[in-house]
Amino acid sequence: MNHGFIRVAALTPKVRVADPTYNKERICELISAAEEEGAQVMVFPELCITGYTCGDLFYQELLLSEAKEALFDIASCSEKADAVIFVGLPLEYNGKLYNVAAVVCGGAILGLVPKTHIPNYNEFYEHRHFVSGPKEPVPVRLDDDHIVPMGTQILFGCRQMPGLKIGVELCEDLWAPDPPSIGLAMAGATLIVNLSASDETTGKDMYRRDLVSGQSARLICGYVYASAGDGESTQDVVYSGHNLIAENGIVLAESARFVNESIYTEIDIQRLREERRRMSTYGTTDAVYLAAEFNLGERRTELTRFVDPAPFVPGKKADREKRCEEIFMIQAMGLKKRLEHTGSRAAVVGISGGLDSTLALLVTVKAFDLLEKDRSGIVAVTMPGFGTTDRTYENAVSLIRSLGATFREVNIGDAVRIHFRDIGQDESDHDVTYENGQARERTQILMDIANKLGGMVIGTGDMSELALGWATYNGDHMSMYGVNASVPKTLVRHLVRYYADACVEKSPNGDVAETVMRRHYADACVEKNLRDVLLDILDTPVSPELLPPEDGEISQKTEDIVGPYELHDFFLYYVLRFGCTPKKIYRLAKYAFAGTYSNETIEKWLRTFYRRFFSQQFKRSCLPDGPKVGTVAVSPRGDLRMPSDASARIWLDELDTLQEDDAAEHENEDKLDTLDKKLDAVFKGFMNG
């Protein structure tokens, strides 16, 4: 429950058709099992107390009364479980039969939610037995001790977790054009549960999966879908127990079919609420919904869901390649438009032999190709300085020539020394002035070359550097169009890798003319050379190369100074995309990077991130134009309108309490370990007689 997480479960019992006593026992067994798994929201299938496939047996008074008695027993069972539980049963009210979801918690029945859309087509004939339920809640007397509200406009809220509000719909409701979940979400429901009995036909599982994930995305909610399975009648159809749990368009857990599998995961309620706050088009409703509240024990929700350590980079190769292709085209199309609009005769790019400038050059080449302009109009300038190594210099030269751009070299050494003399900077003092003087000299050279050629300077800095302020103000920080401005460092690497992998050596066709064969050989040599260069650039440590090399090797490694970019990109994603607190980000990072970074390392660089992120906003407030490529960006004209003088105090203060939380967590773990050892000793003593 802490940090906005709530553990949920979709549970499918093996039922006996028309045997509420047997089904009640199986339901209570699953409640106990789910309690051991830490689930605090448990969802069972539609009509699971009787079985969905009872047919005209639903008319039998005995079945209805037995189902009601079974519900009372399940409510009693819930008294021992720290959970809110949703179960399905048939219920008579005012002479009509309703297909309802009963909500129980702490021994009490909180309410009944009837099905709205009653299917009566193909294999479904529910209208033969059931009617659509009322929207506005009405009081229903179950017996002398139980009077509960029944209606579709009920929200079930947790007192200990105010953001957790649960809405209910049943099976066909999701398939209809106007699902009840829309109104429920607009009334504040952050979690929708669906009690279903969806039969299985070929291909239906994919459609069902898309419905659940799509609805969770449209409503920005968690969605728990529990469906009937083995045990239902197979007289005409088969039920597979296809259970699904989704969050904002992502399926977090999915059961195997035909095995009645229980599934568990955690829904991030805090993240959903942040997403809704951000989306100005997410509306509310004027309809009045009854608030039914329940209590849950406040506990630490252990994480089992996947937390991606590289949130900007898709894990699957095919998805990653598609993402890279898409981003590469967005960058190139943005630059193409700018070149067209300004009538630029040339594009000037500073090439260092590093990843960022490499990507910028590749994007510029693509933009020129789209414009059908000769690549010689790309002026790629390498500007060796005091920290340039042979490796990066040679890679820069080879890259430029392999791509067919115009190569230009300007050694900045003499100009920087004159500048140092003018401002009284001792060249042996390798301070920030020593570094920034070189960066600003390079930018001046690029700007003036662009002026001379009637062109524009293409920026190379990436979003991760801008987030940390790892850029020289009015140096590499400035350009006329920043193609990498919303590309994080972890993704830059994959974009360059994607381009390198596309450089496949060509084989000549023996049936074509000799001239064509020679051209193919030439293309193959160029592409192989380009691929080799790109791979070596990928293998080169990230560095601004502003300090002299040591034994010919790079001495200034960025990640040794500001921290690992994979951590900073992780922090950046959760700060800007979801507004998470430092404690929550720390917890997620510990979980995602377990075995890679120690807790102390994560805390150290998280503190660095917040300190630099706030103090360096003034650099982002005057960024040049550049295309947005993903859901996170730092443009002052779009995604990040943040004052340059905002205080980071409350974020840094929260980080000061991390060690206390870790110590308390270790103390609890030690207590549990001691208890386990005592129980083990007792068990061994018992076994030994």
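In case you missed it, the structure is sitting above this.
Residues numbered from 1 in each chain as written. Predicted model: local features only at pLDDT ≥ 70, side-chain atom pairs only at ≥ 80, totals over all residues. Heavy atoms only, no water.

1. So, the overall build of the protein chain
Formally: Helix and strand definitions here come from DSSP, where helices need a minimum of 4 consecutive H or I residues and strands a minimum of 2 consecutive E residues; each element is numbered from the N-terminal end. Contacts: residue pairs with any heavy atoms within 4.5 Å of one another. Note on areas: Shrake-Rupley, 1.4 Å probe, and residue coverage restricted to the protein chains presented here. The charge count includes Lys and Arg as positive and Asp and Glu as negative, but it does not include His or the ends of the chains. Note that the charge is assigned to NZ on lysines, CZ on arginines, CG on aspartates and CD on glutamates.
Looking only at helices and strands, one finds 21 helices and 20 strands in the protein chain. Taking all contacts inside the protein chain whose residues are at least 6 apart in sequence as the whole, residues at least 24 apart take part in 73%. With an accessible surface of roughly 30700 Å², the protein chain has 49% of that area assigned to carbon and sulfur atoms. Each charge sign in the protein chain was given a centre, from 75 positive and 103 negative side chains, and these centres are 4 Å apart.

2. Here we look at helix 18 (residues 599-615)
Test applied: Here, expected helix span is obtained from the residue count minus one, scaled by 1.5 Å. Three exposure classes are used, based on accessible area relative to the maximum for each residue type with a 1.4 Å probe and protein chains only: buried under 20%, partly exposed in between, and exposed over 50%.
With 17 residues, helix 18 extends 24 Å from end C-alpha to end C-alpha; this agrees with the ideal 24 Å at 1.5 Å per step. What helix 18 keeps buried is the set I602, E603, W605, L606, T608, F609, Y610, R612, F613 and F614.

3. Re the sheet that holds strand 13 (residues 250-254)
Stated formally: Pairing between two strands requires that DSSP report at least two bridges joining them. Axes, fitted as lines to C-alpha atoms, cover a helix only where it is in contact. Angles between the N-to-C directions of the axes lie from 0 to 180 degrees.
Strand order in this open sheet of seven strands is 13-12-11-10-9-8-15, and the pairing throughout is mixed. Two strands in the sheet have a free side with no partner beyond their single neighbour: strand 13 and strand 15 (290-294). Pairwise comparison of adjacent strand axes, ignoring direction, gives a mean angle of 25 degrees for this sheet. Sheet topology places strand 12 (residues 244-247) next to strand 13; four bridges connect them, and they run antiparallel. Its bridge partner lying in strand 13, I245 is registered against A253. Strands strand 11 (222-227), strand 12 and strand 13 of the sheet are contacted by helix 5 (residues 204-219), whose axis makes an angle of about 30 degrees with strand 12. Along the sheet, helix 6 (residues 269-278) makes contact with strand 9 (161-170), strand 11 and strand 12, crossing strand 9 at roughly 85 degrees.

4. Overview of the sheet that holds strand 16 (residues 346-350)
Taken in spatial order, the five strands make up an open sheet running 18-17-16-19-20, and their pairing is parallel. One side of each edge strand has no neighbouring strand; the edge strands of this open sheet are strand 18 (406-409) and strand 20 (481-482). Examined bridge by bridge, strand 16 and strand 19 (residues 455-459) share three bridges and lie parallel to one another. For A347, the partnering residue across the bridge sits in strand 19 and is M456.

5. Some words on a nonpolar patch on the surface
Short version of the rule: Residues enter patches when they are more than 30% accessible in relative terms and free of salt bridges; like-charged ones are connected within 9 Å and nonpolar ones (Val, Leu, Ile, Met, Phe, Trp, Tyr) within 5 Å. Any Lys or Arg side-chain nitrogen located within 4 Å of an Asp or Glu carboxyl oxygen qualifies as a salt bridge.
The grouping of V238, F258 and V259 at the surface amounts to a nonpolar patch, some 270 Å² of accessible area in total. By the element assignment, V259 lies in the loop between strand 13 and strand 14 (263-268). Its relative accessible area of 51% is what places V259 among the exposed residues.

6. Topic: the nonpolar core
Our working definition: For the purposes of this section, nonpolar cores are sets of buried Ala, Val, Leu, Ile, Met, Phe, Trp, Tyr and Cys residues that join through side-chain atoms within 4.5 Å.
Residues L361, L399, F570, F571, Y574 and F613 are the most contacted members of the largest nonpolar core, which totals 90 residues. Setting aside anything within four residues of it in sequence, one finds L361 in contact with V349, I351, I378, A380, L399, I400 and L403.

7. A word on the environment of R305
In plain terms, the rule: Residues adjacent in sequence count toward polar contacts only when both atoms are side-chain atoms; beyond that, a polar contact is any pair of N or O atoms within 3.5 Å, and within protein one must be able to donate a hydrogen and the other to accept it.
For R305, the position within the fold is in the loop between strand 15 and helix 7 (317-342). A sequence separation of 38 residues divides R305 from I267, and the C-alpha atoms of the two residues are 8.8 Å apart. Once you skip the residues sitting within four places of it in the chain, R305 turns out to touch F5, E247, L252, T265, E266, I267, D268, R271 and Y591. Here the side chain of R305 touches E247 through a polar contact of 2.8 Å, side chain to side chain. A distance of 2.7 Å separates the side chain of R305 from the backbone oxygen of E266, its partner in a polar contact.

8. Re the pattern of salt bridges
Scanning the model with the defined rule gives 41 salt bridges in all. Note that R26 and E29 form a salt bridge whose closest N and O atoms lie 2.7 Å from each other. Within this pair, R26 and its partner E29 are both found in helix 1 (residues 20-36), separated by three residues, close to a single helical turn. On the basis of relative accessible area, R26 is assigned to the buried category, the value being 17%. Here R257 makes a salt bridge to D205, at a shortest N to O gap of 3.6 Å.

9. Some points on helix 6
Among all positions of helix 6, only I269, R271, L272, E274, E275 and R276 are buried. N-capping of helix 6 is provided by D268, with a side-chain oxygen placed 3.4 Å from the backbone N of Q270.

10. Looking at the environment of N194
Here N194 shows up in strand 10 (residues 191-196). For N194, a relative accessible area of 0% gives the class buried.

11. Some thoughts on the pairing of strand 8 (residues 154-158)
Side chains on a regular strand alternate between the two faces of the sheet. With five of five residues buried, strand 8 is to be regarded as a mostly interior element. Pairing of strand 8 with strand 15 involves five bridges; the strand directions are parallel. By the bridge assignment, G157 is partnered in strand 15 with E293. Two strands pair when backbone bridges link them, and strand 8 and strand 9 are joined in this way by three bridges, in the antiparallel orientation.

12. Concerning the side chain of Q425
Of note, Q425 is situated in the loop between helix 10 (413-423) and helix 11 (432-453). Only 3.1 Å separates the side chain of Q425 from the backbone oxygen of D429, close enough to count as a polar contact. Within the structure, Q425 has its side chain in polar contact with the side chain of D431 (distance 2.9 Å). The contacts of Q425, once residues within four sequence positions are left out, are F420, D431, T433 and Y434.

13. Structural notes on unusual backbone geometry
In this structure, F258 is a non-glycine residue whose phi angle is positive, near 70 degrees. Along the chain, F258 turns up in the loop between strand 13 and strand 14. Although it is not a glycine, N474 sits at a positive phi angle of roughly 60 degrees. With respect to the helices, strands and loops of the structure, N474 is situated in the loop between helix 12 (463-468) and strand 20.

14. Section: the environment of Y610
Considering the arrangement of structural elements, one finds Y610 in helix 18. Between the alpha carbons of Y610 and V575 there is a distance of 9.4 Å; along the sequence they are 35 residues apart. Once you skip the residues sitting within four places of it in the chain, Y610 turns out to touch V575, C580, T581, P582, I585, A648, W651, L652 and L655.

15. Regarding the packing of helix 8 (residues 355-370) against helix 13 (residues 489-502)
Rules: Working definition: roughly parallel below 35 degrees, roughly antiparallel above 145 degrees, roughly perpendicular at 65 to 115 degrees, and oblique for all remaining angles. Should the near helix be turned anticlockwise from the far one by less than a right angle, the crossing is left-handed, and should it be turned clockwise, the crossing is right-handed.
Remark: helix 8 packs on helix 13, axes separated minimally by 10 Å, with the N-to-C direction vectors making an angle of 55 degrees. The pairing of helix 8 with helix 13 is recorded here as oblique in orientation. Where helix 8 crosses over helix 13, the two elements pack in a sense that is left-handed. Every residue of helix 13 that contacts helix 8 at L355, D356, T358, L359 and L362 is listed here: K489, V492, R493, L495, V496 and Y499.

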